[in-house]
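Summary of the model geometry
Chain by chain, the residues:
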Amino acid sequence: MSQPIYLLGLDIGSSSVKASAVNAETGTSIGSAMSPEKEMEMISVESGWAEQHPHMWWEHTVKAVRKAIADNSIRAENIKAIGISYQMHGLVAVDKNRQVLRPSIIWCDSRAAEIGKKAFHDLGEEYCLKHFLNSPGNFTASKLKWVRENEPEIYQKIDKIMLPGDYIAMKLTGRICTTVSGLSEGILWDHLNDKLATKLLDYYGISGDLIPEPLASFDLHGELTSPAAGELGIQPGTKVSYRAGDQPNNALSLNVLNPGEVAATAGTSGVVYGITDQPDYDPKSRVNSFAHVNHSASTPRYGVLLCVNGTGILNSWLKRILSNTDEVSYDRMNQLAVKAPIGADGLTIFPFGNGAERILENRNTGAQLRGLDFNRHDTTHLLRAGQEGIVFALNYGFDIMKEMGMNMETVRAGHSNMFLSPLFREAFVNVTGTTLELYNTDGSQGAARGAGLGAGIYQNYDEAFQGLEVKEITEPEPDKAAAYTDAYSNWLARMPHE
C-alpha cells in the first residue's frame, strides 16, 4: 500500500506561526498547530515603530511544526514539500555569517514613511508609478535606507537583506534567495524593465549586492538541511518549493489568480486584494500594486492591495478593555454588538491606531472615536461602531480600487478571524455591494498547496485546488443596504484628515 504524500505549509505572521499539513491527493487538511498560544512580542521603542526578533519566528516555526506532527500522528517521512507564507514588507539584515544584525523592522512600522515620500518627489511621481507601480512609501527599500541613515555601523555589516519569508527559507535550506513577487512588495523591482530597481537603490545609496537572487514563487528554493530537519522532526532533503507574502498567498489559498477575482482577509490588518493583468496603480499610492504569485513577463498578473492596519487589532483592543472587569469572548462581543442599531446611533470609530495608513497617504492619525454621547451610548454601540468602522475603512479603499477601473462583484475569504462575525459579514456585503464567499482554507493551507505546485507534485491549478470548498455565502440585503450607506456617509463626513 502506497504512503500518502503530505504538503507542509508555514504561515509566519506577526502574531503567531501556523503550520498545516495537507494531503496532496485529496486536498484536505490533515492537521495544524499554532505557536505561541498568546501573541508574539512586538517591540515599539518609539511611537509608530514596530519590530520583532527573527529568531522568535524560527523558534515558533519549530514548535508549530513539531506540534502539528505530534498532535495529528503525521509520519514525517510523508512530508514531501514545504511552502512559506509570511508577513509582508519586513526587513531582516544579516552579516556574512548569516547572523541577524538587528530586530526586523516589520510591516506596520511607520518610521520610513517620510523617506519614501521624499523619494517619490525626488525621483518623480510619474517615474515611480510607471516603474515601481507605487510610491517607495514605507516599504522595505525605504526601511533599509532608514537603517543606512540612522544605524551606519549596523548597515556597514550587512551582507544580505531579506523579507521575513526569505529568513525562514534560509533557516530551512541554508540558502539566501528571494522572489520577484517579494522584491515587488519591497519596492525593489522595476516592472517596466523587469529587473532590480537600481534607480531607487542608487538614489538611496544602497548596493544591489545586498539584494538576494530572485526566483519564481513556485520553484525549488532549496532543500531542508540536516540541522533544520533535526529541529523540525522532518526528513533532510525535503523540498522547499514555494514562498509568498501573506496577502498574495491568501489569494492563492482561495484560488484567486486571474483578472477580476478578489480575495480578502480580516486578521490583525484588513486587506482586499484584487487581480488584474494590467500594471495599474493609484496615482496617490493609497492602494498598492505588486507582482502576484503567478506573474510572468508573458502572462502578467498583478495584485492590487488595499490594506487597513487597524482591523482585528482594534477588535482585540476592545476585548482587552472590556475584559478588565470581566472576561469577554469574541462571540459575546458579537452578540452585544448586534443589539445596537446600524450606524451605532451616530457613534463612529476610525480604526487607524496601528501605524501610518496607506489609504490615508501614509498619515498616522491615530484611532479616533467621534459622536460619543454619555447619555445614549453604551457597550453595544461601542462594539458595533468598532466593527462598522473597520468595514467603512475597507470600503474607503474599495472605492479607490473602483476608481482604478476594477470591477469587484464577488469577494472570497477564509472562514476565520473577523469574517466569523455575522455582523461584520452583514456590514461588509451591504457597504461594498459584493457577494462574500467563505472557504475552508487559510494561509498555511495555501502555502502547502503552493509547495505542491512548486515541487511538481501538482501539474496544474485544478489539481492543486481539489478539496477547496465554499462554507458560507453572504449577499447584500436591499432593506439594510440603505441604512449602511447612510452610516458610511456619516462616517466619511467625520473622516480625520490630520
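Quick look at the structure, then. Everything quoted here is computed from the prediction, not taken from an experiment.

Parameters at a glance
Residues numbered from 1 in each chain as written. Predicted model: local features only at pLDDT ≥ 70, side-chain atom pairs only at ≥ 80, totals over all residues. Heavy atoms only, no water. Phe/Tyr/Trp six-rings, centres within 6.5 Å; stacked < 30°, edge-to-face > 60°. Lys NZ or Arg CZ within 6 Å of the ring centre and 35° of its normal. Pairing = 2+ DSSP bridges. Helix = DSSP H or I, 4+ residues; strand = E, 2+ residues; numbered from the N terminus. Axes fitted to C-alpha atoms, helices over the stretch in contact; angles between N-to-C directions. Contact = heavy atoms within 4.5 Å. Parallel < 35°, antiparallel > 145°, perpendicular 65-115°, else oblique. Nonpolar A, V, L, I, M, F, W, Y, C, P; charged D, E, K, R; others polar. Salt bridge = Lys/Arg side-chain N within 4 Å of Asp/Glu carboxyl O. Buried < 20%, exposed > 50% of the residue type's maximum accessible area, 1.4 Å probe, protein only. Patch = residues over 30% accessible without salt bridge, like charges linked within 9 Å, V, L, I, M, F, W, Y side chains within 5 Å. Areas by Shrake-Rupley, 256 points an atom, 1.4 Å probe, with all protein chains shown as cover.

Here the structure, examined in full by the defined rule, presents 16 aromatic pairs. The structure contains a cluster of three or more aromatic residues connected by ring pairs, namely Phe 350, Phe 352, Phe 392, Tyr 488 and Trp 491. Here the basic side chain of Arg 148 rests over the ring of Tyr 155, its NZ or CZ set 5.9 Å away from the ring centre.

All right, on to the sheet that holds strand β1 (residues 6–12) then. If you walk across this open sheet you meet the six strands as β3-β2-β1-β5-β14-β13, and the pairing is mixed. Sheet topology places β3 (29–35) and β13 (218–223) at the edges, where each strand pairs with a single neighbour. Averaged over all adjacent pairs, the angle separating strand axes in this sheet is 25°, with direction ignored. Of the pairings in the sheet, the one linking β1 to strand β5 (residues 79–86) comprises seven bridges and is parallel in character. Bridge assignment links Ile 12 to a residue of β5, and that residue is Tyr 86. Contacts between helix α1 (residues 54–71) and the sheet are confined to β1, β2 (17–23), β3 and β5, with β3 contributing the most and set at about 145° to the helix. Seen against the sheet, helix α15 (residues 443–454) touches β1, β2, β3, β5, β13 and β14 (239–245) and runs at an angle of roughly 130° to β1.

It is at 8 Å that the axes of helix α12 (residues 330–337) and helix α13 (residues 379–403) come closest, and there the two elements cross at 105°. Viewed along their axes, α12 and α13 adopt a mutual orientation that is roughly perpendicular. Of α13, the residues touching α12 (which contributes Met 333, Asn 334, Leu 336 and Ala 337) are Thr 379, Thr 380, Leu 383, Arg 384 and Gln 387. Broken down by class, the residue content of the contact of α12 with α13 amounts to four nonpolar, four polar and one charged.

Below, the discussion takes up the pattern of salt bridges. When charged atoms on two side chains of opposite charge get close, those side chains can pair. Scanning the model with the defined rule gives 22 salt bridges in all. With a closest N to O distance of 3.2 Å, Asp 373 and Arg 376 form a salt bridge. Across the pair Glu 477 and Lys 480 runs a salt bridge, and its minimum N-O distance is 3.6 Å. Judged by relative accessible area, which is 29%, Glu 477 ranks as partly exposed. Residue Lys 480 is classed as partly exposed on the basis of its relative accessible area, which comes to 25%. Here the salt bridges share partners, and the residues they tie into one network are Glu 51, Arg 102, Asp 109, Arg 111 and Glu 151.

Read across the open sheet, the seven strands follow the order β17-β18-β16-β15-β21-β22-β23; overall the sheet is mixed. The two strands at the open ends of the sheet, each matched to only one other strand, are β17 (288–291) and β23 (470–474). Within the sheet, the average angular offset between the axes of one strand and its neighbour, ignoring direction, is 25°. The pairing of strand β21 (residues 410–414) with strand β22 (residues 435–439) spans five bridges and is classified as parallel. By the bridge assignment, Gly 414 is partnered in β22 with Tyr 439. Those strands touched by helix α10 (residues 246–253) are β15 (262–266), β16 (270–276) and β18 (302–308), and its axis lies near 120° from that of β15.

Below, the discussion takes up the side chain of Glu 357. Within the secondary structure layout, Glu 357 lies in the loop between β19 (348–350) and β20 (368–370). Setting aside anything within four residues of it in sequence, one finds Glu 357 in contact with Cys 307, Val 308, Asn 309, Gly 310, Pro 351, Phe 352, Asn 362 and Arg 363.

This part covers a nonpolar patch on the surface. Together, Leu 369, Leu 372 and Phe 374 line one region of the surface with nonpolar side chains, adding up to about 350 Å² of accessible area. Take Phe 374: it is sitting in the loop between β20 and α13.

Just geometry here; none of it tells us what the structure is for.
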